[in-house]
Amino acid sequence: MKKKITIISLGCSKNLVDSENLSTQVQADGWEVEFDNFISDSKTVVINTCGFIHDAKQESINTILSFIDKKKSGKIENLFVMGCLSERYKKDLEKEIPEVDSYFGVNHLPDILKKLKIDYRKELLGERKISTPSHYAYLKISEGCNRTCSFCAIPLIRGKQISIPIEILLKQAQNLAQQGVKELILIAQDLSSYGYDLYKEYKLADLLEELVKVQGIEWIRLHYIYPTNLQKKVIELMKNEPKICKYIDIPIQHISQNVLKNMRRGHQSSTIRNLIKRFKTEIPEIAIRTTLLVGFPGEEEVDFQELMQFVSQSKFDRLGVFTYSEEEDTFGAKKFKDTISQEIKDLRAEKIMQLQQTISFELNQAKIGKSFKTIIDRKENSYFVGRTEFDSPEVDNEIIIENSDFEIEIGQFYKVEIVRAEEFDLYAKITEKLL
Ligand code: SF4
């Protein structure tokens, strides 16, 4: 009987890559792997947890407890927990939830494999079996972060920045392309600083110049750009290289000088304003995604109003907002009292998202009648769902294609014309199949 394992991957895409690296090693040993199947009949389960903020931690703990029940009822035999939550709270978890067979932190792949009686295959470093739809994959280019943002526990969990050498990333990209991947989504904690720890200079542009040469890759997407240290050459490449999506994710967190200072973001408000302006000037059609954090200690109403005004003026194409949750051992937790009530935090987040909804509706209306290269991600009921180069999977707008004379294939590119638009979704008809 083929051994079977279920991997529950919580949290961000960087965690997903870790889960996929585990899956690759386990499959190489002849196991069958299932992802995120909460009702699986596997006897062995690994939960890759998130420990970033309160809600994510709660979700991880609830997931562990739900599998403890399955273990108690004999549905599963082995339960292992890995990732950010257990990296951060291993001792507490071992005491409070002892029913888990073993807890592992981040970067403990060989130890987990040992528990599963599987030899760690170093030669698989350049290879990865993906869990995403076969036409797109995340490429994690570095681990950890050297920055010291007051609210963030990631450097405490994932450590200092460690860039993955260009030649290994290239091998991974070629391997993914051979598996049919057409869209590579570059991720890290801080993409702008890629390479500095390894090459003593920023190397994101050099990496991109290599990745655009990989046969089969048609879209390269950049996530988690930090507002400083971004090489001019990266913007040049985005402008001139058709394979690099005219899409950028820049989590700015806030715009008020007072709040940015307390957040220890290490730059002026003007740095963000100038960077956004430069992107929009150099690449007018670019889609900009950002993430904001409201309710950080010391955020006065005037600071929040400045943020609202900035969101209104900047007209971000995509935007997400979090409310501050105090994370122990962070500079923020040690320095500031978390005095803003959750009620006010939620109200500020809601106001931002209401404003963004009107902006997104307006921007989407302007797309009606226009044509876009679109990749098909999935079929849902009677319609197909796709994305343009201006939309990243799982977080951005989707293109809905209700019916078509064309035979539609998942993972294929088509030219579509937008016929209707809502706040966050676009409806389109296919006008051409693209090769
Ligand atoms: S850049 Fe700041 S917010 Fe992002 S991972 Fe690093 S410390 Fe955290």
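None of these values were measured; they are calculated from a predicted model. (Residues numbered from 1 in each chain as written. Predicted model: local features only at pLDDT ≥ 70, side-chain atom pairs only at ≥ 80, totals over all residues. Heavy atoms only, no water.)

Asker: Hey, could you run me through empty space enclosed by the protein in this one?
Answerer: A water-sized probe rolled over the atoms picks out the places where empty space is left. Inspection of every chain in the model, using the stated rule, returns one cavity of 30 Å³ or more. There is about 40 Å³ of room inside the largest cavity. What lines the largest cavity is T6, N37, F38, I39, S40, S42, V45, F67, K70 and I76. Taken together, the residues that form the lining of the largest cavity break down as five nonpolar, four polar and one charged. (1 Å grid on protein atoms, 1.4 Å probe; cavity = no way out; pocket = protein on both sides within 12 Å on 5 of 7 lines; lining within 4 Å. Points joined across faces, edges and corners; volume = space filled by probe spheres on them. Nonpolar A, V, L, I, M, F, W, Y, C, P; charged D, E, K, R; others polar.)

Asker: Help me understand the packing of aromatic side chains, please; the structure alone is not making it clear to me.
Answerer: To describe a pair of aromatic rings, one takes the distance between the centres and the angle between the planes. Inspection of every chain in the model, using the stated rule, returns 10 aromatic pairs. Consider the rings of F80 and F104, whose centres lie 6.3 Å apart with planes at 55°: the pair is tilted. Taken together, the residues F80 in strand β4 (residues 78–83) and F104 in the loop between β5 (102–103) and α4 (109–115) connect sequence positions 24 residues apart. Here the guanidinium or amino end of K373 rests over the ring plane of F413, the centre of that ring lying 4.4 Å away. We note R387 situated over the ring of Y136; from NZ or CZ to the ring centre the distance is 5.2 Å. (Phe/Tyr/Trp six-rings, centres within 6.5 Å; stacked < 30°, edge-to-face > 60°. Helix = DSSP H or I, 4+ residues; strand = E, 2+ residues; numbered from the N terminus. Lys NZ or Arg CZ within 6 Å of the ring centre and 35° of its normal.)

Asker: Any chance you could explain the site of the ligand here in plain terms?
Answerer: Around the ligand lies a shell formed by C145, R147, C149, F151, C152, I154, P155, Q189, Y226 and R265. Residues of the shell around the ligand, tallied by class, amount to seven nonpolar, one polar and two charged. (Near = heavy atom within 4 Å.)

Asker: I keep staring at the nonpolar core and nothing clicks. Help me out?
Answerer: Side chains of nonpolar character tend, in soluble globular proteins, to be buried together. One finds I141, L186, L204 and F279 to be the most contacted residues of the largest nonpolar core, which totals 58 residues. It is helix α6 (residues 166–178) that provides the largest number of residues to this core, a total of six residues. Those residues in contact with F279 that sit more than four places away from it in its chain are L230, I235, M238, I248, I250, P284, I286 and I288. (Core = buried A, V, L, I, M, F, W, Y, C linked by side-chain atoms within 4.5 Å. Buried < 20%, exposed > 50% of the residue type's maximum accessible area, 1.4 Å probe, protein only. Contact = heavy atoms within 4.5 Å.)

Asker: I keep staring at the sheet that holds strand β13 (residues 318–323) and nothing clicks. Help me out?
Answerer: Each strand in a sheet pairs with its neighbour through backbone hydrogen bonds, running either in the same direction (parallel) or in the opposite one (antiparallel). Pairing is parallel in the open sheet, where six strands are placed in the order β6-β9-β10-β11-β12-β13. The open sheet terminates on both sides in strands that have one partner only, identified here as β6 (136–140) and β13. Averaged over all pairs of adjacent strands, the angle between their axes in this sheet comes to 20°, without regard to strand direction. Note: strand β9 (residues 183–187) against strand β10 (residues 219–222), four bridges, orientation parallel. By the bridge assignment for β10, E183 is matched with W219. (Pairing = 2+ DSSP bridges. Axes fitted to C-alpha atoms, helices over the stretch in contact; angles between N-to-C directions.)

Asker: Even after reading the chapter, I still don't get the pairing of β13, so can you show me in this structure?
Answerer: Along a regular strand, successive side chains alternate from one face of the sheet to the other. Pairing between strand β12 (residues 287–294) and β13: six bridges, direction parallel. Looking at β13, one finds that T290 is bridged to L319. Of the crossover connections in this fold, the one passing from β12 over helix α12 (residues 301–314) to the parallel β13 is right-handed. (Right-handed = clockwise from strand over helix to strand, strands pointing away.)

Asker: I would appreciate a short explanation of unusual backbone geometry in the present structure.
Answerer: For residues that are not glycine, phi is negative in most cases, and the peptide bond is trans in most cases. We note that D36 has phi near 55°; this positive angle belongs to a residue other than glycine. By secondary structure assignment, the location of D36 is in the loop between β2 (32–35) and β3 (44–49). One non-glycine residue, N107, lies in the positive phi region at around 60°. Tracing the backbone through its elements, the reader meets N107 in the loop between β5 and α4. According to the relative accessible area criterion, N107 is exposed, its value standing at 55%.

Asker: Is there a simple way to think about the sheet that holds strand β17 (residues 413–421) in this case?
Answerer: The strand order β14-β15-β16-β18-β17 describes a closed barrel built from five strands, whose pairing is mixed. Mean inter-strand twist for the sheet, computed between neighbouring axes without regard to direction, equals 55°.

Asker: Looking at this structure, I do not really get the environment of R348. What am I missing?
Answerer: On the secondary structure map, R348 appears in helix α14 (residues 342–365). For R348, a relative accessible area of 8% corresponds to the buried category. Through-space distance from the C-alpha of R348 to that of N15 is 29 Å; in sequence the pair is 333 residues apart. In contact with R348, not counting residues within four places along its chain, are V294, E299, E300, E301, F304 and I340. At 2.7 Å, the side chain of R348 forms a polar contact with the side chain of E299. (Polar contact = N/O pair within 3.5 Å; in protein donor to acceptor, adjacent residues only side chain to side chain.)

In short, geometric facts, not functional conclusions.
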